[in-house]
Amino acid sequence: MSSTFVTLAEVLEARGGPLLEEEVWSLLLGTAESLLDVSYKQNNMCNIISPTSLLLSATGTLAFKNCGLSDDVSTFTAPEMLQGRASSTKPAIERMLVYSLGMTLYWSVDFHLPQNQPVQLSDHLNSLLLSMCEDLAHRRVNLISILEACESQHKASILPPLAKVMRQLVEEVFHESVDHGSLPDSNVPLSGRSQMIRERLHGEHDFIS
């Protein structure tokens, strides 16, 4: 099995549509575990996650590309970082990563949806994403709480293992490349969506039981 990585943006571009709820739960569990693991081992963590910096492999491995502050990723950048008042302490970096991850996953469930079509999320997942994307850093949920919520959801709903979900997502990209002769365009436009995503995140959505 190839360990080639693809970005989350490439997965969505190949699919031409959003992530499903169970896929979001699986990715949220995997990224929370990875970020906790990385945070205990490294001091120079990147503090922005975006759909073009979240890497998936068919072997079930998650990784993160270095992602500097730019207009392209401003949608996924914590407000305190955009305003130049971010702290470099580990708790502060964790809160910025939580914000980035929440916005990235919400972008993924909103991908290519018509403006008048609500995002289909359960109340539980919507509330968790909302708590990750709070503008005020001290109000955001932490990685441990996210991990606990994901583990509870996986036990209650008997969701597929992360490795299986990631393998399926990555295979979609390579099936698309076989059909069209090349990988999907990795230059998926990311900018200019922040306000729209915020409105949809805080606005109406369909509840799934």
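Reading the values: the criteria
- Residues numbered from 1 in each chain as written.
- Predicted model: local features only at pLDDT ≥ 70, side-chain atom pairs only at ≥ 80, totals over all residues.
- Heavy atoms only, no water.
- Phe/Tyr/Trp six-rings, centres within 6.5 Å; stacked < 30°, edge-to-face > 60°.
- Helix = DSSP H or I, 4+ residues; strand = E, 2+ residues; numbered from the N terminus.
- Buried < 20%, exposed > 50% of the residue type's maximum accessible area, 1.4 Å probe, protein only.
- Salt bridge = Lys/Arg side-chain N within 4 Å of Asp/Glu carboxyl O.
- Expected span 1.5 Å × (residues − 1).
- Arc of directions from axis to C-beta.
- Pairing = 2+ DSSP bridges.
- Axes fitted to C-alpha atoms, helices over the stretch in contact; angles between N-to-C directions.
- Core = buried A, V, L, I, M, F, W, Y, C linked by side-chain atoms within 4.5 Å.
- Contact = heavy atoms within 4.5 Å.

- Under the annotation held in an unreviewed UniProt entry, the chain carries the name KIND domain-containing protein and is attributed to Monopterus albus.

1. Observations regarding the packing of aromatic side chains
Right, on to step 1. Counted by the stated rule, this structure contains 2 aromatic pairs.
Right, on to step 2. Note on Phe76 and Trp107: the rings are 6.2 Å apart at their centroids and 80° apart in plane angle, and the pair reads as edge-to-face. On the criterion of sequence distance, the pair formed by Phe76 in the loop between strand E3 (62-64) and helix H3 (79-82) and Trp107 in helix H4 (residues 90-109) is long-range, its members being 31 residues apart. Exposure class is identical for Phe76 and Trp107. Each is buried.
Right, on to step 3. Between Trp107 and Phe111, the aromatic rings sit 5.2 Å apart at their centres with planes inclined by 55°, giving tilted as the arrangement. Across the pair, exposure class does not vary: Trp107 and Phe111 are buried alike.
Right, on to step 4. An aromatic cluster of three or more residues is present, and its members are Phe76, Trp107 and Phe111.

2. A word on the pattern of salt bridges
Should their charged atoms come close, side chains of opposite charge can pair.
Right, on to step 1. Using the criterion set out here, one finds 4 salt bridges in the structure.
Right, on to step 2. In this structure, the salt-bridge partner of Arg140 is Glu80, at a minimum N-O distance of 2.8 Å. With Arg140 in the loop between helix H5 (123-132) and helix H6 (143-157) and Glu80 in helix H3, this pair connects stretches of sequence that are 60 residues apart. Of the two residues examined, Arg140 and Glu80, each falls in the buried class.
Right, on to step 3. With a closest N to O distance of 3.8 Å, Arg139 and Glu134 form a salt bridge.
Right, on to step 4. Accessibility expressed as a relative area gives 23% for Glu134, which makes it partly exposed.
Right, on to step 5. Taken together, the shared-partner salt bridges connect Arg15, Glu23 and Glu172 into one network.

3. Comments concerning H6
Right, on to step 1. Its 15 residues give H6 an end-to-end C-alpha distance of 21 Å, which sits within 8% of 21 Å, the value for a rise of 1.5 Å per residue.
Right, on to step 2. Within the span of H6, buried status applies to Leu143, Ile146, Leu147, Ala149, Cys150, Gln153 and His154. The buried residues of H6 occupy an angular sector of 165° when projected down its axis, which confines them to one face. Exposed and facing more than 90 degrees away from the buried side of H6 are Lys155 and Ala156.
Right, on to step 3. In the segment just after H6, Ile158 is the residue with positive phi, at about 50°.

4. Observations regarding the sheet that holds strand E2 (residues 54-57)
Right, on to step 1. The antiparallel open sheet is built from 3 strands, whose spatial order is E1-E2-E3. The open sheet terminates on both sides in strands that have one partner only, identified here as strand E1 (5-7) and E3. Across this sheet, the average inter-strand angle for adjacent strands is 35°, counted without regard to direction.
Right, on to step 2. Where E1 lies against E2, 3 bridges are found, and the strand directions are antiparallel.

5. Some remarks on the nonpolar core
Right, on to step 1. Grouped together as the largest cluster of nonpolar side chains are 57 residues, with contacts concentrated most on Leu19, Leu27, Leu28, Leu56, Leu128, Met132 and Ile146.
Right, on to step 2. For this core, the elements supplying multiple residues, two or more each, are helix H1 (8-15), helix H2 (21-41), E2, H4, H5, H6 and helix H7 (162-180).
Right, on to step 3. Top contributing element to this core by residue count: H4, with 11 residues.
Right, on to step 4. Discounting residues that sit within four places of it in the chain, Leu27 has contacts with Leu8, Leu19, Leu56, Leu105, Leu162, Met166 and Leu169.

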